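# Close look at the chain arrangement
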Amino acid sequence: MVKLAVAVHKRLGDFQLAVDFAVEGGLIVLFGPSGCGKSSTLAAIAGLLQPDRGRIALGEEVFCDSERNIHIAPQRRRLGFVFQNYALFPHLNVERNICFAIDRESRDFQRERLRELLTLLRLENLAHRYPAELSGGQQQRVALARALAPHPRLLLLDEPFSALDSELREELRDELKRLQIELALPVVMVTHTRSEALQLADTVVRLDLGQVMAVGSAAAVLSPTPRTGNNARFSW
Ligand SMILES: Nc1ncnc2c1ncn2[C@@H]1O[C@H](COP(=O)(O)OP(=O)(O)OP(=O)(O)O)[C@@H](O)[C@H]1O
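What counts and what doesn't
- Residues numbered from 1 in each chain as written.
- Predicted model: local features only at pLDDT ≥ 70, side-chain atom pairs only at ≥ 80, totals over all residues.
- UniProt positions renumbered as here; feature names shortened; annotations may be inferred.
- Helix = DSSP H or I, 4+ residues; strand = E, 2+ residues; numbered from the N terminus.
- Rg over C-alpha atoms; globule rule 2.2 N^0.38 Å.
- Buried ≥ 20, exposed ≤ 12 C-beta atoms within 10 Å, placed from the backbone.
- Contact = placed C-beta atoms within 7 Å.
- Near = placed C-beta within 6 Å.
- Core = buried A, V, L, I, M, F, W, Y, C linked by C-beta atoms within 7 Å.

Going by the annotation in an unreviewed UniProt entry, the name recorded for the protein is ATP-binding cassette domain-containing protein, with Gloeobacter morelensis MG652769 given as the source organism. Quoted verbatim from the Subcellular location (unreviewed entry) heading of the UniProt record, the comment on the protein is "Cell inner membrane".

## Considering the overall build of the protein
For the protein, the helix and strand inventory stands at seven helices and eleven strands. Taken against the 2.2 N^0.38 rule, which gives 18 Å for 236 residues, the C-alpha radius of gyration of the protein at 18 Å falls within 12% of a compact globule. Its C-alpha atoms give the protein principal-axis dimensions of roughly 50 × 45 × 35 Å. In the protein, which comprises 236 residues, the proportion classed as buried is 36%. The contacts of the protein with a sequence gap of at least 6 include a subset with a gap of at least 24, amounting to 67%.

## Comments concerning the site of the ligand
Every residue close to the ligand is listed here: Leu12, Gly13, Phe15, Gly32, Ser34, Gly35, Cys36, Gly37, Lys38, Ser39, Ser40 and His192. Here the shell around the ligand takes three residues from helix α1 (residues 38–46), the largest share from any one element.

## With respect to the environment of Ser135
Within the fold, Ser135 resides in the loop between α3 (107–120) and α4 (136–148). Look at Ser135 and you get exposed, because 12 C-beta atoms sit within 10 Å. Once the C-alpha coordinates of Ser135 and Leu168 are considered, the two residues, 33 residues apart in sequence, prove to be 9.6 Å apart.

## Thoughts on the nonpolar core
With 56 residues, the main nonpolar core has Ile28, Val29, Ala145, Leu156 and Val188 as its most contacted residues. The greatest single-element share of this core, amounting to six residues, is contributed by α4. The contact partners of Val188, leaving out residues within four places of it in the chain, are Ile28, Leu30, Leu42, Ile45, Leu154 and Leu156.

Laid out in structure tokens, this is it:
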């Protein structure tokens, strides 16, 4: 399994992000209370936030290294992203939203990849619908298909299901786990929901106040403790 090594120091106003962890592929969850630095860490992996100091590498590939003055642009990192507000293009139907992210090398290649993705995300019957004609869960599946379209090496998800009701969230969690295993794709997902982390994570990186508090299996890192002190700040 490919290793993701993240060391990021970044001052953000009064907040100091100082995270340092290395994890093996699978589904990695960044977990912690609001404002602890989860999204900033994800943004640094994506290349949208440049560390003051640090190094980020996926396997042999160095995304950034402040000592060597390396900062690979986000579009050259070959990552897929899905954020809370899935931001589909409202004027494009499902298939054109997905095709937007596929290289236009050849029409045949594009049709083939589109068909694969529609099947993978169970969107075959919705290919000609517009985003406004889809449920939240369906829109999120289209966002996932679009993120997967260019064969990313790593998928980054920032609270991707938070806008959905609990039933849909449950369904999409299952879908995500299935995809991650089927595609053997490393995923880094941000959540502050303990049940989500417990259900999905191969590895949990628990953050608080801009620092890594623990790294390990969900069972080890998220074992129930009394709702006192810092733990009261998490959503149980
Ligand atoms: N550009 C910025 N300027 C100043 N402060 C910032 C900036 N970006 C983030 N912060 C601060 O950094 C801290 C970490 O923010 P971040 O969004 O990474 O937290 P989070 O754990 O993802 O929170 P949430 O779960 O609420 O989304 C917060 O205190 C936030 O206010």
